[in-house]
Amino acid sequence: MTTPAPAPATAYGSLPNTSPQPLRRPVSLPRLAQMRERGEKITMLTAYDATFAAVADAAGVDCILVGDSLGMVCQGLSSTVGVTLDTMRHHTDSVARGLRRANGSAWLIADLPFGTYQESKEQALRSATVLMQAGAHMVKLEGGGWTAETVRFLVERGIPVCAHLGLTPQTVHSLGGYRVQGREDAAAEQMREHALALQDAGATMLVLEMVPERLATPLTQALPHCHTIGIGAGNGTAGQVLVLHDMLGINLGKNPKFVRNFMEGAHSVQGAIAAYVRAVKDGSFPDNTLHAW
Ligand code: KIV
């Protein structure tokens, strides 16, 4: 009797962790709240495909964001405005499949793209349903207090929501460019009011992008039930997020000032991501010498 030769893992590349067991406990909203309570920083990174999602998960990232930054990173667009719901669905589906096949544990967030939630809360529910059915655990949407009614509508219907304030890339044309937000007292106070309204509506996460640390840190303290995730917002937020390609040093343009290239000194992509996770958890990233706004 001949024994059949073992089949190769996959035809082209294989995902990490082929064991039937997850490497760690799945990340959930209660686990994120526990991390927050014990002062453990939350790590988030973007991913747009199955392999990078599995590698980021194996490196210990808590949350993976299928960001609409994929418009720039994967599609070569000049902003996120042209990203469609169908493109977000396609990438969310790939990332979710990669995580499932690798027995991943990360919390998966997907961006609602421009024009798919602004019209009405019913439109937002239809769009969020597409992303949740593709495998997301939470959706992210940009905007201030005007989105609170939509946030409440989604949360009441079982869809966890991450809000996004500060530099909101989908409105880059109204903001006049990729600029720091909330520098002046009046703008800072307005952002604080928006953030409180979003927490009140049930948002459990809030990305703060390009916001001065002197605003992001007290805002974090004022939001015990909504975990702030900073990007260019200093060291006082509940967690940090970066765009994967930026932190791997493969951004074709100029990296934003607040980004560190974690590939420097790393031997592999997984090693670079693990270094990012360690640096966020031990508080050495971001470093206030990286930028000061
Ligand atoms: O689209 C994205 O990648 C994002 C992050 C920069 C937070 O929104």
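Everything discussed here concerns the structure shown above.
What you see is a predicted model, and the numbers here were worked out from it, not measured in a lab.

A. Structural context of the overall build of the chain. Scanning the chain for helices and strands turns up eleven helices and eight strands. For a compact globule of 293 residues, the expected C-alpha radius of gyration is about 19 Å, and the chain comes in at 19 Å, within 12% of that figure. Judged by the C-alpha coordinates and their principal axes, the chain covers about 80 × 45 × 40 Å. Restricting to contacts in the chain with at least 6 residues of sequence separation, those with at least 24 account for 64%. Accessible surface for the chain amounts to roughly 13300 Å². Of this, 54% is attributable to carbon and sulfur atoms. Averaging the coordinates of the 24 positive side-chain charges in the chain and doing the same for the 25 negative ones gives two points 4 Å apart.

B. Quick look at the site of the ligand. Within the structure, the ligand sits among Thr46, Leu65, Gly67, Asp68, Ser69, Asp111, Lys140, His164, Val207, Ile231, Val241 and Val243. Contacts to the ligand include Ser69, whose side-chain N or O atom sits 2.5 Å from an oxygen atom. Here the ligand has 260 Å² of accessible area as a free molecule, and 96% of this is covered by the chains. Its residues assigned to classes, the shell around the ligand comprises five nonpolar, four polar and three charged.

C. View of the packing of helix 2 (residues 50–58) against helix 11 (residues 269–281). At a closest axis distance of 8 Å, the pairing of helix 2 and helix 11 adopts a crossing angle of 50 degrees. In terms of orientation, helix 2 lies oblique with respect to helix 11. Between helix 2 and helix 11 lies a crossing whose hand is right-handed. Contacts between helix 2 and helix 11 pair Phe52, Val55, Ala56 and Ala58 from the former with Val269, Gln270 and Ile273 from the latter. Its residues assigned to classes, the contact of helix 2 with helix 11 comprises six nonpolar, one polar and no charged.

D. Representation of the sheet that holds strand 4 (residues 138–142) in the model. One closed barrel accounts for eight strands, arranged 1-2-3-4-5-6-7-8; its pairing is parallel. Pairs of neighbouring strands in the sheet enclose a mean axial angle of 25 degrees, with direction left out of account. With four bridges joining them, strand 4 and strand 5 (residues 161–166) adopt parallel strand pairing. The residue of strand 5 that forms the bridge with Glu142 is His164.

E. Structural detail: helix 4 (residues 85–101). Here helix 4 spans 24 Å end to end across 17 residues, near enough to the 24 Å set by a 1.5 Å rise per residue. Those residues of helix 4 lying buried are Leu85, Thr87, Met88, His91, Thr92, Ser94, Val95, Ala96, Gly98 and Leu99. Lining the buried residues of helix 4 we find helix 2, strand 2 (63–66), helix 3 (70–73), strand 3 (107–111) and helix 5 (121–133). Positive backbone phi, approximately 55 degrees, marks Asn103, located one or two places after helix 4.

Thresholds applied
- Residues numbered from 1 in each chain as written.
- Predicted model: local features only at pLDDT ≥ 70, side-chain atom pairs only at ≥ 80, totals over all residues.
- Heavy atoms only, no water.
- Helix = DSSP H or I, 4+ residues; strand = E, 2+ residues; numbered from the N terminus.
- Rg over C-alpha atoms; globule rule 2.2 N^0.38 Å.
- Contact = heavy atoms within 4.5 Å.
- Areas by Shrake-Rupley, 256 points an atom, 1.4 Å probe, with all protein chains shown as cover.
- Lys, Arg positive; Asp, Glu negative; His and termini not counted.
- Charge placed at Lys NZ, Arg CZ, Asp CG, Glu CD.
- Near = heavy atom within 4 Å.
- Polar contact = N/O pair within 3.5 Å; in protein donor to acceptor, adjacent residues only side chain to side chain.
- Nonpolar A, V, L, I, M, F, W, Y, C, P; charged D, E, K, R; others polar.
- Axes fitted to C-alpha atoms, helices over the stretch in contact; angles between N-to-C directions.
- Parallel < 35°, antiparallel > 145°, perpendicular 65-115°, else oblique.
- Left-handed = near helix turned anticlockwise from the far one by under 90°.
- Pairing = 2+ DSSP bridges.
- Expected span 1.5 Å × (residues − 1).
- Buried < 20%, exposed > 50% of the residue type's maximum accessible area, 1.4 Å probe, protein only.

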